[in-house]
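Residue-level listing of the chains:
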Amino acid sequence: YGAVDVEDGDTVFSQATQGAPCITDFQAFGFCTYTGLQSFNPLEVNSPFITGNTQTYGLAVSGGGEQMTYYLSGQFDDDKGVYEINKLRHATLRANATAHLGPNFDLTVNSSYGQNRLRLPQNDNNVRGVIPTGILGLVFDDPQNHGFQFQQPANIFAINTQQNTERYTGSATATWRPLRWLSVLGVTGLDFANRIDQELIPTYLDNGVTSRFADDSIGQRTSNPFQTFIYTLNASATATYGLRPGLSGSSTIGSQYSQDYVHGTFAFGKNLSPGTGSINGATEQFAAGESTTKDIILGAYGQEQLNWRDKLYLSGTIRIDKNNSFGTNFKSIVYPGAGVSWVLGNESFFPKQNWISQTRLRAAYGESGQQPGFRDAVAYYAPVAVHADNIDQASFTHGNIGDPNLKPERTGETELGFDAGFLHDRAGAELTYYTGGTKNEILQVPVAPSTGFGLNSQYINAGRILRHGVELSLRATPIQTQSTS
């Protein structure tokens, strides 16, 4: 490094001895003379790293008798990363019980509660991260930032980024066998999650530590709490019977209800009052938002299966779904399905070979669907704040154009296959040809400005996908031994 002052008219160029390298351009103009190379790594000399560790503690108890069994467990995990602030604490409690309330009635209850407390470091591709500010740091140990470029670790570790979650899952399953050939099943469940994402960049007091990035020193606060509720209720009845010697069947009917409700708020503010960690102390750029979604699915289904002497299997299914995300002009959708499987190896006319253990031909067709997104089919206005007459006023704008004819995507596929096992099933092959596609694909298409809507796109059923292919699967167990004692 060298230093020189060059005066050109009224302009004075000054190159400091420390803090600014003598780059090629400066040398060409004679501003400085290269005299040596200086290097310094703040990540090594002023290392911000520590040795991480993990601790796990758990306890489980199980027991019961003929009428009831139970299982209880708890676990606590305490993890610390390579930064002092990077911590994760996780606690889980579980309780399961099964009761035989009668000769034909069983009840099982499962429940679980988990809690996470996670503090995240500033990391990865982030100018507030410790590693980037060290890699891009200075070539000397300056007294203010100790060689770090944008922030020194003391300021970075003062940024408090957390994700705190609680989650509860619970279910109850009841099985009733009123008749020898009839079984009734009922399942209900709840999945609740509470998640709070928050970040605090505190105001930097007069502690001799400076911030070289943006306006971090004035402080900012983000708080985004979200709650999710998933309710499920399923009920089904299955009858098994023999139609004639060698021919048996089973019939199943059922219904399903599911509700997925998500609610969250967003809040942000800057220029915090010194010492506060609350958005209440923000004085600039305060912003708030809210999000709510509610998806409800109601379905009914039926299934029939037939078995002829363990040689020929036939099945047929049908499902009907209603969803609150469908367009108002579309009420429900039907998904059919059917399959056949023929075990050739069990037929008397099939040649018996020691090296062939089983052979099967199969064919199937089925349909499924993908529902539209929440409110994609609904036309609505969205509230906004506008500035008019020198004041902020409540107003509305187009939230979504909607499509009353919007329906779910429908996917259908046909499969033809052949399965074979060899050498007492130590080797096998499966060959499948499939063809099908998706119609009524939901696409986001542009909207002409001449329509008068202040939106750029609309969701409609406008796409179609075709596909076909061949799948081949080979398996083998070349070596198989028996243990000796």
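No experiment lies behind these values; they were computed from the predicted model shown.

What counts, and where the lines are drawn
Residues numbered from 1 in each chain as written. Predicted model: local features only at pLDDT ≥ 70, side-chain atom pairs only at ≥ 80, totals over all residues. Heavy atoms only, no water. Helix = DSSP H or I, 4+ residues; strand = E, 2+ residues; numbered from the N terminus. Rg over C-alpha atoms; globule rule 2.2 N^0.38 Å. Contact = heavy atoms within 4.5 Å. Polar contact = N/O pair within 3.5 Å; in protein donor to acceptor, adjacent residues only side chain to side chain. Salt bridge = Lys/Arg side-chain N within 4 Å of Asp/Glu carboxyl O. Buried < 20%, exposed > 50% of the residue type's maximum accessible area, 1.4 Å probe, protein only. Phe/Tyr/Trp six-rings, centres within 6.5 Å; stacked < 30°, edge-to-face > 60°. Core = buried A, V, L, I, M, F, W, Y, C linked by side-chain atoms within 4.5 Å. Patch = residues over 30% accessible without salt bridge, like charges linked within 9 Å, V, L, I, M, F, W, Y side chains within 5 Å. Areas by Shrake-Rupley, 256 points an atom, 1.4 Å probe, with all protein chains shown as cover. Pairing = 2+ DSSP bridges. pLDDT = per-residue confidence, 0-100.

### Examining the overall build of the protein
If you tally the helices and strands in the protein, you get four helices and 19 strands. Against the globule reference of 23 Å for 485 residues, the protein gives a C-alpha radius of gyration of 34 Å, more extended than a compact globule. By principal-axis analysis of the C-alpha atoms, the protein measures approximately 110 × 80 × 55 Å. Within the protein, counting contacts between residues at least 6 apart in sequence, those at least 24 apart form 62% of the total.

### Points about the side chain of aspartate 191
Counting through the fold element by element, aspartate 191 comes out in strand S8 (residues 182-201). For aspartate 191, the side chain forms a polar contact with the side chain of arginine 167, separated by 2.6 Å.

### Points about the pattern of salt bridges
Within the structure shown, the criterion is met by eleven salt bridges. Where aspartate 191 meets arginine 167, a salt bridge forms, and the shortest distance between an N and an O atom there is 2.6 Å. Of this pair, aspartate 191 sits in strand S8 while arginine 167 sits in strand S7 (residues 160-179), placing them 24 residues apart in sequence. The class for aspartate 191 is buried, based on a relative accessible area of 16%.

### Points about the packing of aromatic side chains
This structure, assessed with the given rule, holds ten aromatic pairs. Measuring from centroid to centroid gives 4.7 Å for phenylalanine 192 and phenylalanine 229, while their planes differ by 40°, and the two rings are tilted. Pair noted here: phenylalanine 192 is in strand S8 and phenylalanine 229 is in strand S9 (residues 220-244), with a separation of 37 residues, a long-range link. Measuring from centroid to centroid gives 6.2 Å for phenylalanine 229 and tyrosine 261, while their planes differ by 45°, and the two rings are tilted. Of this pair, phenylalanine 229 sits in strand S9 while tyrosine 261 sits in strand S10 (residues 247-272); the two residues are 32 residues apart in sequence, bridging distant segments of the chain. Judged by relative accessible area, which is 26%, tyrosine 261 ranks as partly exposed.

### Observations regarding the nonpolar core
Among the nonpolar cores identified, the biggest contains seven residues, and these are Leu43, Tyr83, Ile85, Val130, Phe148, Ile156 and Phe157. Not counting residues up to four positions away in its chain, the partners in contact with tyrosine 83 are Pro48, Phe49, Ile50, Pro121, Asn123, Val130, Ile131 and Phe157.

### Remarks on a nonpolar patch on the surface
Together, Trp342, Phe349, Leu361, Leu416, Phe418, Leu431, Tyr433, Val470, Leu472 and Leu474 give the surface a local cluster of nonpolar side chains, amounting to about 1000 Å² of exposed area. Among the elements of the structure, strand S17 (409-422), strand S18 (427-446) and strand S19 (457-476) are those that each provide at least two residues to the nonpolar patch. Among the secondary structure elements, leucine 431 is positioned in strand S18. With relative accessibility at 41%, the residue leucine 431 sits in the partly exposed group.

### Focus: the pairing of strand S11 (residues 282-308)
Direction of pairing for S10 relative to S11: antiparallel, over a ladder of 24 bridges. Each bridged residue has a counterpart across the sheet, and for tyrosine 257 the counterpart in S11 is leucine 298. When S11 meets strand S12 (residues 312-323), the two strands line up antiparallel, connected through twelve bridges. Paired with glutamine 305 across the strands is serine 315, a residue of S12.

### Points about unusual backbone geometry
Positioned with a positive phi, histidine 146 is a non-glycine residue whose angle comes to about 55°. Along the chain, the position of histidine 146 falls in the loop between helix H3 (130-135) and helix H4 (153-156). One non-glycine residue with positive phi stands out, namely glutamine 285, at about 50°. Positionally, glutamine 285 belongs in strand S11. Take glutamine 285: its relative accessible area is 51%, and that puts it in the exposed class.

### With respect to the confidence of the model for the protein
Overall, the prediction assigns the protein a mean pLDDT of 87, with 93% of residues at 70 or greater. Long-range and interchain partners of residues 1-19, a stretch whose pLDDT sits below 50, account for 40 contacts in this model, where long-range means more than four residues apart.

### Concerning the environment of alanine 97
Relative to the helices and strands, alanine 97 is located in strand S5 (residues 87-102). Remark: the alpha-carbon pair of alanine 97 and valine 109, spanning twelve residues in sequence, is separated by 5.4 Å. When neighbours within four sequence positions are excluded, alanine 97 is seen to be in contact with Met68, Thr69, Tyr70, Leu107, Thr108 and Val109.

### With respect to the environment of leucine 306
Considering the arrangement of structural elements, one finds leucine 306 in strand S11. For leucine 306, a relative accessible area of 27% puts it in the partly exposed group.

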